[in-house]
Amino acid sequence: MYGKWLTLTAALLIGLNFTGCKKSDSASSTGASASTKIKMVYIPKNTGNPYFEPAIDGFKKAAEELGADFHSTAPATADATSQLQIIEDQVQEGVNVLAITPNSPDALNAALSHAMSKGIIVICSDSDLTGNESNRNAAILPSEPTLVAKGQVELLGSLIDYKGKFAILSSTTDAPNQNTWIAIMKDTLKNDAKYKDMQLVDVVYGNDEPQKSLTEAEALLTKYPDLRGIIAPTTVGVAACAQAVETAKKADQVAVTGLGTPDQMRRFIKNGTVKAFALWSPFDEGYCAGQAGIQIAQKKLEAKPGATFTAGTLGQRTLGDKNVIIVGPPVIFTKDNIDQFHF
Ligand code: RAM
């Protein structure tokens, strides 16, 4: 029913790491000597979003394995320009690898190309500089954007018999990953006759802030009394939508789905507010990005399309068009498998 989306069994068979690794205080125990030790920073979208915790653990693990120093720092909000000062500070500090989940496809160009001009390897992880890819060395995306976006439309369709009004609750208006998915969702709705009776009535933005996302979700329920569904392609947003629907006692009328973390969504799956949602392994995403960034900085990997490398325990990965590396397919979580995932 979900085409190329991964079943639980397949996920376990190919060894996706959904549990993360144990936190360690230092990521600098082995490998290169002090003079050659690579320093890596990871700048997520914002603080306080549990999605980024396993992603940071993945970076840390890659740094431990490859003998690099690692730290992570993030702005309080996910605004387009909120990461600018942090980028400049990290360049000043002399990092060798600057990994970032960019909050904008263009507002960070000058700062990132300045970092590259200093010889710093710039890696986008989770979200890309869409249309401005020359301002980073490579991008690690958790899954094929088309697979994610079409999968979300199909998932909601299957929950509402492919009929009725629905809305999208996204993160920020500038978020490159969410905007890429939403554009593909719109194309899919327009071009695939299977979805001709599904009507996208609104796209709203919760800025990946729990309270703002909740307020936007509640407003959708009020504004569209005949709404049949919401897709929230953000872990913060989908939890807020579930909360709004649960409080309004509208689970029978409004299907909520999207991209969520099992820990945040478990309660809503268990009490029937949400039937199904999806995500990939944020740990693997960070781990793969860390492996790629450090290996490029160590000159073991050349960042060019077609180049292959061993991403540690994930095995071989290839740089595709525009140096994009795909980590793995998303998994659908339901009441039948959610208790096997803890992150
Ligand atoms: C949120 C963030 C992140 C995205 C996930 C699905 O946590 O916006 O960038 O990948 O949702």
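Placed above this text is the structure.
Residues numbered from 1 in each chain as written. Predicted model: local features only at pLDDT ≥ 70, side-chain atom pairs only at ≥ 80, totals over all residues. Heavy atoms only, no water.

What follows covers the pattern of salt bridges. With the rule as written, the count across this model stands at 13 salt bridges. Here Asp 202 ties to Lys 223 by a salt bridge, and the two come within 3.4 Å at their closest N and O atoms. Placement of Asp 202 in strand β7 (residues 198-205) and of Lys 223 in helix α7 (residues 210-223) is noted, with a sequence separation of 21 residues between them. With relative accessibility at 55%, the residue Lys 223 sits in the exposed group. The shortest N-O distance in the salt bridge between Glu 246 and Arg 267 comes to 2.9 Å. (Salt bridge = Lys/Arg side-chain N within 4 Å of Asp/Glu carboxyl O. Helix = DSSP H or I, 4+ residues; strand = E, 2+ residues; numbered from the N terminus. Buried < 20%, exposed > 50% of the residue type's maximum accessible area, 1.4 Å probe, protein only.)

Read across the sheet, six strands follow the order β2-β1-β3-β4-β5-β13 without closing on themselves; strand pairing throughout is parallel. At either margin of the open sheet sits one strand with a lone partner, and together these are β2 (69-72) and β13 (324-326). Taking each pair of neighbouring strands and ignoring which way they run, the sheet shows an average axis angle of 20°. With four bridges connecting them, strand β1 (residues 39-43) and β2 associate as parallel partners. Bridge pairing in β2 places Met 40 opposite Phe 70. Relative to the sheet, helix α2 (residues 52-66) contacts β1, β2, β3 (97-100) and β4 (121-125), its axis offset from that of β1 by approximately 170°. (Pairing = 2+ DSSP bridges. Axes fitted to C-alpha atoms, helices over the stretch in contact; angles between N-to-C directions. Contact = heavy atoms within 4.5 Å.)

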